[in-house]
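Residue-level structural notes
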Amino acid sequence: KAGVTQTPRYLIKTRGQQVTLSCSPISGHRSVSWYQQTPGQGLQFLFEYFSETQRNKGNFPGRFSGRQFSNSRSEMNVSTLELGDSALYLCASSYRLGLADYEQYFGPGTRLTVT
Amino acid sequence: DAKTTQPNSMESNEEEPVHLPCNHSTISGTDYIHWYRQLPSQGPEYVIHGLTSNVNNRMASLAIAEDRKSSTLILHRATLRDAAVYYCILRLNNAGNMLTFGGGTRLMVKP
(Lines give C-alpha, C1' and ligand atoms only; values in the text may rest on other atoms or scores of the structure.)
Protein backbone atom coordinates (compact mmCIF):
# COMPACT_ATOMS: atom_id res chain seq x y z
CA LYS A 1 0.00 0.00 0.00
CA ALA A 2 1.45 3.37 -0.97
CA GLY A 3 2.22 5.79 1.85
CA VAL A 4 1.21 9.39 2.28
CA THR A 5 2.51 11.50 -0.57
CA GLN A 6 3.09 15.23 -0.55
CA THR A 7 3.83 17.52 -3.44
CA PRO A 8 5.92 19.41 -4.09
CA ARG A 9 8.74 18.27 -1.85
CA TYR A 10 10.58 21.59 -2.01
CA LEU A 11 9.36 25.07 -2.77
CA ILE A 12 10.88 28.55 -2.76
CA LYS A 13 8.54 31.53 -2.69
CA THR A 14 8.85 35.26 -2.19
CA ARG A 15 7.26 37.27 0.60
CA GLY A 16 3.74 38.31 -0.26
CA GLN A 17 3.10 35.41 -2.61
CA GLN A 18 0.70 32.58 -1.92
CA VAL A 19 1.36 28.85 -2.02
CA THR A 20 -0.67 25.64 -2.28
CA LEU A 21 0.60 22.33 -0.96
CA SER A 22 -0.95 18.98 -1.75
CA CYS A 23 -1.35 15.77 0.24
CA SER A 24 -2.62 12.37 -0.89
CA PRO A 25 -3.48 10.12 2.06
CA ILE A 26 -3.09 6.37 2.23
CA SER A 27 -5.82 4.65 0.23
CA GLY A 28 -8.91 4.22 2.40
CA HIS A 29 -7.90 6.87 4.92
CA ARG A 30 -10.45 9.65 5.27
CA SER A 31 -8.77 11.83 7.88
CA VAL A 32 -6.01 14.25 6.91
CA SER A 33 -4.16 16.52 9.32
CA TRP A 34 -1.58 19.20 8.60
CA TYR A 35 1.37 20.25 10.77
CA GLN A 36 4.03 22.93 10.59
CA GLN A 37 7.53 22.15 11.83
CA THR A 38 10.08 24.87 12.54
CA PRO A 39 13.31 24.76 14.57
CA GLY A 40 11.94 27.29 17.03
CA GLN A 41 8.37 26.07 17.57
CA GLY A 42 8.71 22.37 16.81
CA LEU A 43 5.75 20.47 15.39
CA GLN A 44 2.49 22.40 15.56
CA PHE A 45 -0.97 21.31 14.48
CA LEU A 46 -2.58 23.37 11.74
CA PHE A 47 -5.91 21.71 10.95
CA GLU A 48 -7.65 18.43 10.37
CA TYR A 49 -10.17 17.30 7.77
CA PHE A 50 -12.48 14.34 7.66
CA SER A 51 -15.04 13.70 4.93
CA GLU A 52 -14.35 17.10 3.34
CA THR A 53 -15.12 18.98 6.58
CA GLN A 54 -12.65 20.77 8.81
CA ARG A 55 -12.96 19.13 12.21
CA ASN A 56 -10.27 20.84 14.21
CA LYS A 57 -8.06 23.90 13.84
CA GLY A 58 -4.84 24.95 15.51
CA ASN A 59 -3.78 28.42 16.55
CA PHE A 60 -2.66 29.85 13.23
CA PRO A 61 -3.74 33.04 11.45
CA GLY A 62 -6.41 33.01 8.79
CA ARG A 63 -3.75 33.17 6.08
CA PHE A 64 -3.49 29.42 6.55
CA SER A 65 -6.39 27.52 5.05
CA GLY A 66 -7.12 24.09 3.73
CA ARG A 67 -9.64 21.88 2.08
CA GLN A 68 -10.32 18.23 1.43
CA PHE A 69 -11.75 16.71 -1.70
CA SER A 70 -14.18 13.84 -2.10
CA ASN A 71 -11.29 11.44 -2.79
CA SER A 72 -9.77 12.46 0.58
CA ARG A 73 -6.88 14.33 -1.02
CA SER A 74 -6.18 17.57 0.77
CA GLU A 75 -4.60 20.89 -0.02
CA MET A 76 -3.40 23.65 2.24
CA ASN A 77 -2.94 27.24 1.18
CA VAL A 78 -0.89 30.00 2.71
CA SER A 79 -1.59 33.50 1.44
CA THR A 80 0.56 36.60 1.78
CA LEU A 81 3.65 34.61 2.71
CA GLU A 82 5.92 35.90 5.48
CA LEU A 83 9.53 34.96 6.19
CA GLY A 84 8.35 33.14 9.32
CA ASP A 85 6.28 30.75 7.23
CA SER A 86 9.47 29.01 6.14
CA ALA A 87 9.03 25.54 7.54
CA LEU A 88 8.51 21.86 6.84
CA TYR A 89 4.81 21.24 6.27
CA LEU A 90 3.73 17.73 7.12
CA CYS A 91 0.55 15.90 6.29
CA ALA A 92 -0.73 12.89 8.24
CA SER A 93 -3.53 10.50 7.40
CA SER A 94 -5.58 8.16 9.53
CA TYR A 95 -8.34 5.68 8.91
CA ARG A 96 -10.67 6.92 11.60
CA LEU A 97 -11.50 10.25 13.16
CA GLY A 98 -10.93 10.83 16.81
CA LEU A 99 -10.40 7.33 18.09
CA ALA A 100 -7.16 7.46 20.05
CA ASP A 101 -6.60 3.76 19.47
CA TYR A 102 -5.52 4.42 15.88
CA GLU A 103 -2.14 5.52 14.61
CA GLN A 104 -1.44 8.22 12.05
CA TYR A 105 0.84 8.02 9.07
CA PHE A 106 2.93 11.00 8.05
CA GLY A 107 4.19 12.02 4.65
CA PRO A 108 7.75 13.19 3.97
CA GLY A 109 6.72 16.85 4.09
CA THR A 110 7.06 19.87 1.86
CA ARG A 111 9.99 22.14 2.65
CA LEU A 112 8.86 25.74 2.05
CA THR A 113 11.42 28.52 1.97
CA VAL A 114 10.19 32.12 1.87
CA THR A 115 12.71 34.72 0.72
CA ASP B 1 -4.37 18.75 27.27
CA ALA B 2 -2.31 16.55 29.54
CA LYS B 3 1.40 17.28 29.23
CA THR B 4 4.36 14.94 28.85
CA THR B 5 7.94 15.43 30.02
CA GLN B 6 10.89 13.75 28.33
CA PRO B 7 14.67 14.16 28.61
CA ASN B 8 16.08 16.34 25.85
CA SER B 9 18.61 13.77 24.73
CA MET B 10 19.93 10.30 25.41
CA GLU B 11 22.83 8.29 24.13
CA SER B 12 23.11 4.57 23.53
CA ASN B 13 25.57 2.07 22.13
CA GLU B 14 24.64 0.07 19.08
CA GLU B 15 23.06 -3.34 19.79
CA GLU B 16 22.31 -2.42 23.41
CA PRO B 17 18.79 -1.91 24.83
CA VAL B 18 17.50 1.63 25.19
CA HIS B 19 14.89 2.79 27.69
CA LEU B 20 13.29 6.13 26.83
CA PRO B 21 11.28 7.56 29.74
CA CYS B 22 8.20 9.77 29.64
CA ASN B 23 6.40 11.38 32.57
CA HIS B 24 2.72 12.23 32.27
CA SER B 25 1.54 12.83 35.81
CA THR B 26 -1.70 14.59 34.74
CA ILE B 27 -2.87 11.77 32.46
CA SER B 28 -6.59 11.05 32.55
CA GLY B 29 -8.20 7.65 32.54
CA THR B 30 -9.08 7.77 28.85
CA ASP B 31 -5.77 9.11 27.52
CA TYR B 32 -3.84 6.76 25.28
CA ILE B 33 -0.04 6.93 25.35
CA HIS B 34 1.43 7.16 21.85
CA TRP B 35 5.04 7.17 20.72
CA TYR B 36 6.25 8.53 17.41
CA ARG B 37 9.76 9.03 16.15
CA GLN B 38 11.22 11.30 13.53
CA LEU B 39 14.32 10.25 11.67
CA PRO B 40 16.48 12.97 10.11
CA SER B 41 14.85 14.59 7.07
CA GLN B 42 11.69 12.49 7.37
CA GLY B 43 8.17 12.89 8.68
CA PRO B 44 7.26 11.40 12.07
CA GLU B 45 6.71 7.66 12.15
CA TYR B 46 4.32 5.80 14.45
CA VAL B 47 6.10 3.49 16.89
CA ILE B 48 3.64 2.10 19.42
CA HIS B 49 0.72 3.02 21.68
CA GLY B 50 -1.08 1.70 24.73
CA LEU B 51 -3.70 2.47 27.36
CA THR B 52 -2.97 0.47 30.51
CA SER B 53 -1.17 -2.76 29.71
CA ASN B 54 2.34 -3.17 28.39
CA VAL B 55 2.48 -3.52 24.61
CA ASN B 56 4.92 -5.11 22.21
CA ASN B 57 5.27 -4.83 18.46
CA ARG B 58 8.00 -5.45 15.91
CA MET B 59 9.57 -2.07 16.53
CA ALA B 60 9.54 -1.68 20.30
CA SER B 61 7.91 -2.37 23.65
CA LEU B 62 5.92 0.06 25.75
CA ALA B 63 5.98 -0.34 29.51
CA ILE B 64 3.27 1.61 31.34
CA ALA B 65 3.50 2.25 35.08
CA GLU B 66 0.69 0.88 37.19
CA ASP B 67 -0.52 4.39 38.09
CA ARG B 68 -0.09 5.43 34.43
CA LYS B 69 1.85 8.54 35.44
CA SER B 70 4.87 7.42 33.46
CA SER B 71 5.82 5.11 30.63
CA THR B 72 8.98 3.79 29.00
CA LEU B 73 9.63 3.03 25.38
CA ILE B 74 12.04 0.14 25.06
CA LEU B 75 14.14 -0.51 21.99
CA HIS B 76 15.55 -3.97 22.57
CA ARG B 77 18.66 -3.64 20.41
CA ALA B 78 19.44 -0.15 19.19
CA THR B 79 20.77 0.21 15.67
CA LEU B 80 22.22 3.25 13.96
CA ARG B 81 18.91 3.55 12.12
CA ASP B 82 17.15 4.14 15.46
CA ALA B 83 18.87 7.52 15.88
CA ALA B 84 15.91 9.89 15.86
CA VAL B 85 13.79 12.23 17.96
CA TYR B 86 11.25 10.22 19.96
CA TYR B 87 7.98 11.86 20.96
CA CYS B 88 5.69 10.69 23.75
CA ILE B 89 2.14 11.98 23.15
CA LEU B 90 -1.12 11.63 25.06
CA ARG B 91 -4.28 11.24 23.04
CA LEU B 92 -7.78 11.58 24.42
CA ASN B 93 -10.36 9.32 22.87
CA ASN B 94 -12.91 11.06 20.61
CA ALA B 95 -10.97 14.31 20.71
CA GLY B 96 -9.97 14.42 17.07
CA ASN B 97 -6.77 13.27 15.47
CA MET B 98 -4.69 16.25 16.58
CA LEU B 99 -1.31 15.26 18.00
CA THR B 100 0.34 17.66 20.45
CA PHE B 101 4.09 17.24 20.09
CA GLY B 102 6.48 18.30 22.82
CA GLY B 103 10.23 18.61 22.40
CA GLY B 104 10.84 14.87 22.38
CA THR B 105 14.05 12.99 23.20
CA ARG B 106 16.88 13.03 20.72
CA LEU B 107 18.42 9.55 20.75
CA MET B 108 22.00 9.23 19.59
CA VAL B 109 23.33 5.76 18.84
CA LYS B 110 27.07 5.17 18.91
CA PRO B 111 28.63 2.42 16.80
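Residues numbered from 1 in each chain as written. Chains lettered and ligands numbered in written order. Predicted model: local features only at pLDDT ≥ 70, side-chain atom pairs only at ≥ 80, totals over all residues. Heavy atoms only, no water.

Quick word on the state of the cysteines
Scanning the model with the defined rule gives 2 disulfides over all chains in all. Note on cysteine connectivity: Cys23 of chain A is disulfide-linked to Cys91 of chain A, with sulfurs 1.7 Å apart. The sign of the -50° torsion about the S-S bond sets the Cys23 of chain A-Cys91 of chain A disulfide as left-handed. Here Cys91 of chain A lies in strand 9 (residues 87-94) and Cys23 of chain A lies in strand 3 (residues 19-24), a separation of 68 residues in the sequence. As far as burial versus exposure is concerned, Cys23 of chain A and Cys91 of chain A are alike and both buried. Between the sulfur atoms of Cys22 of chain B and its disulfide mate Cys88 of chain B the distance is 2.1 Å. Measuring handedness by torsion sign, the sulfur bridge of Cys22 of chain B and Cys88 of chain B sits at about -80° and is left-handed. Placement of Cys22 of chain B in strand 2 (residues 18-23) and of Cys88 of chain B in strand 8 (residues 84-92) is noted, with a sequence separation of 66 residues between them. Each member of the pair Cys22 of chain B and Cys88 of chain B is classed as buried. (Disulfide = S-S within 2.5 Å. Helix = DSSP H or I, 4+ residues; strand = E, 2+ residues; numbered from the N terminus. Buried < 20%, exposed > 50% of the residue type's maximum accessible area, 1.4 Å probe, protein only.)

Remarks on the pattern of salt bridges
Residue and element names in this part refer to chain A. Here the structure, examined in full by the defined rule, presents 8 salt bridges over all chains. A salt bridge links Asp85 to Arg63; its shortest N-O distance comes to 2.8 Å. Separated by 22 residues along the polypeptide, Asp85 in the loop between strand 8 (74-78) and strand 9 and Arg63 in the loop between strand 6 (53-57) and strand 7 (64-68) bring together distant segments of the chain. As far as the burial class goes, Asp85 and Arg63 line up, both buried. (Salt bridge = Lys/Arg side-chain N within 4 Å of Asp/Glu carboxyl O.)

Topic: the interface of chain B and chain A
Contact residues are listed per partner, giving 19 residues for chain B and 23 residues for chain A. Across the interface of chain B and chain A, roughly 1700 Å² is buried in total on both sides, 50% from carbon and sulfur atoms. Joining chain B to chain A, the criterion identifies 0 salt bridges. Elements with a contribution of two residues or more to the side of chain B that touches chain A: strand 3 (31-38), strand 4 (45-50) and strand 8 of chain B. In terms of residue count, strand 3 of chain B provides more of the side of chain B that touches chain A than any other element does, 4 residues in total. Residues that form the side of chain B that touches chain A fall into these classes: 10 nonpolar, 8 polar and 1 charged. (Contact = heavy atoms within 4.5 Å. Buried area = accessible area lost by both parts, 1.4 Å probe. Nonpolar A, V, L, I, M, F, W, Y, C, P; charged D, E, K, R; others polar.)

A few points about the sheet that holds strand 6 (residues 61-64) of chain B
Residue and element names in this part refer to chain B. Judged by pairing direction, the sheet is antiparallel, and its 4 strands sit side by side in the order 2-7-6-5 without closing on themselves. In this open sheet, the two strands that pair with only one neighbour each are strand 2 and strand 5 (55-56). Pairing analysis gives 4 bridges linking strand 6 to strand 7 (residues 70-75), with the strands arranged antiparallel. Considered in strand 7, the bridge of Leu62 is made with Leu73. (Pairing = 2+ DSSP bridges.)

Some words on the environment of Thr79 of chain B
Residues and elements named next belong to chain B. Following the sequence through the fold, Thr79 ends up in the loop between strand 7 and strand 8. Of the residues examined, Thr79 reaches a relative accessible area of 34% and is grouped as partly exposed. Distance in space between the C-alpha atoms of Thr79 and Asn13 is 8.3 Å, their sequence separation being 66 residues. Each residue touching Thr79, except ones within four places of it in the same chain, is listed here: Glu14 and Val109.

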